Amino acid sequence: MFLAGSVAAARDEDRATIRSFLSEGDEAARRLGHDANHLWTAFGPTNVAIHRVTTAMDLDDVQVAIDLGPRIDTTGLPVERQARHALETARALSAWNRTDEAMAVVLAAEQKAPEQIRHHAISRQLVQNWMRRGRGRPSYQLASLAQRVHVAA
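Residues numbered from 1 in each chain as written. Predicted model: local features only at pLDDT ≥ 70, side-chain atom pairs only at ≥ 80, totals over all residues. Heavy atoms only, no water.

### Describing the pattern of salt bridges
Put simply, the rule is: Counted as salt bridges are all cases of a side-chain nitrogen of Lys or Arg within 4 Å of a carboxyl oxygen of Asp or Glu. Numbering of helices and strands runs from the N terminus, with a helix taken as a DSSP run of H or I at least four residues long and a strand as a DSSP run of E at least two residues long. The buried label applies to any residue whose accessible area, calculated with a 1.4 Å probe on protein chains only, is under 20% of its type's maximum; exposed applies above 50%, and partly exposed to all values in between.
The final tally for this structure, using the stated rule, is 11 salt bridges. Across the salt bridge formed by aspartate 58 and arginine 11, the nearest N and O atoms sit 3.5 Å from each other. Taken together, the positions of aspartate 58 in helix 3 (residues 45-58) and arginine 11 in helix 1 (residues 2-11) put the pair 47 residues apart, joining distant regions of the chain. What makes arginine 11 exposed here is its relative accessible area of 58%. Aspartate 58 serves as the salt-bridge partner of arginine 91, at 3.5 Å between the closest nitrogen and oxygen. With arginine 91 in helix 5 (residues 79-95) and aspartate 58 in helix 3, the pair connects residues that are 33 residues apart, well separated along the chain. Among the charged side chains, a salt-bridge network with shared partners connects Arg11, Asp58, Arg84, Glu88 and Arg91.

Set out below in structure tokens:
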């Protein structure tokens, strides 16, 4: 609940509540001592770290998200959490016009969880932005990804 609350607080730009909720989440994760998927929560230290990236992006703290996101090892989490974090990391990289890196993150996530990437609003948003930013014809890789996430070229 603290992690969901931190995201809600980020959308309300309430930094004090974000810090408080993430701190509580950190404490609970520390007590648990490892990542676990009890009742499909994917809760643990890694999920708290992922929420730090998500809240940073919701606050437009792109530097924080870029500093944290790529360093988080999500391999112990369910693939849907891995994919969601990959999208958040790609969103941060894309915000800094590191499009090639961002697309590589999305494509790697698609290999693990194609349905998560192909049907997520963030995927479509990223691809739409990349298509708009590009000059001329999109690369084969981008055009193929656009087709898979149902974004018109």
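### Section: the confidence of the model for the protein chain
Heads up, the condition is: For every residue, the pLDDT score states the predictor's confidence, bounded by 0 at the bottom and 100 at the top.
Confidence in the prediction for the protein chain averages 94 pLDDT; 99% of positions are at 70 or higher. Looking over the protein chain, one finds the lowest element-wise mean pLDDT in helix 1, namely 94, and the highest in helix 6 (residues 99-112), namely 97.

### What about the side chain of glutamate 110?
On the secondary structure map, glutamate 110 appears in helix 6. Judged by its relative accessible area of 4%, glutamate 110 is buried.

### Some words on the packing of aromatic side chains
Operational definition: Two rings from Phe, Tyr or Trp (for Trp, the six-membered ring) form a pair when their centres sit within 6.5 Å of each other. Planes less than 30 degrees apart are called stacked, planes more than 60 degrees apart edge-to-face, and all others tilted.
Scanning the model with the defined rule gives one aromatic pair in all. Between phenylalanine 2 and phenylalanine 21 the ring centres are 5.8 Å apart and the planes differ by 55°, which places this aromatic pair in the tilted class. Highlighted residues: phenylalanine 2 in helix 1 and phenylalanine 21 in helix 2 (residues 15-32), separated in sequence by 19 residues. Take phenylalanine 2: its relative accessible area is 36%, and that puts it in the partly exposed class. According to the relative accessible area criterion, phenylalanine 21 is partly exposed, its value standing at 26%.

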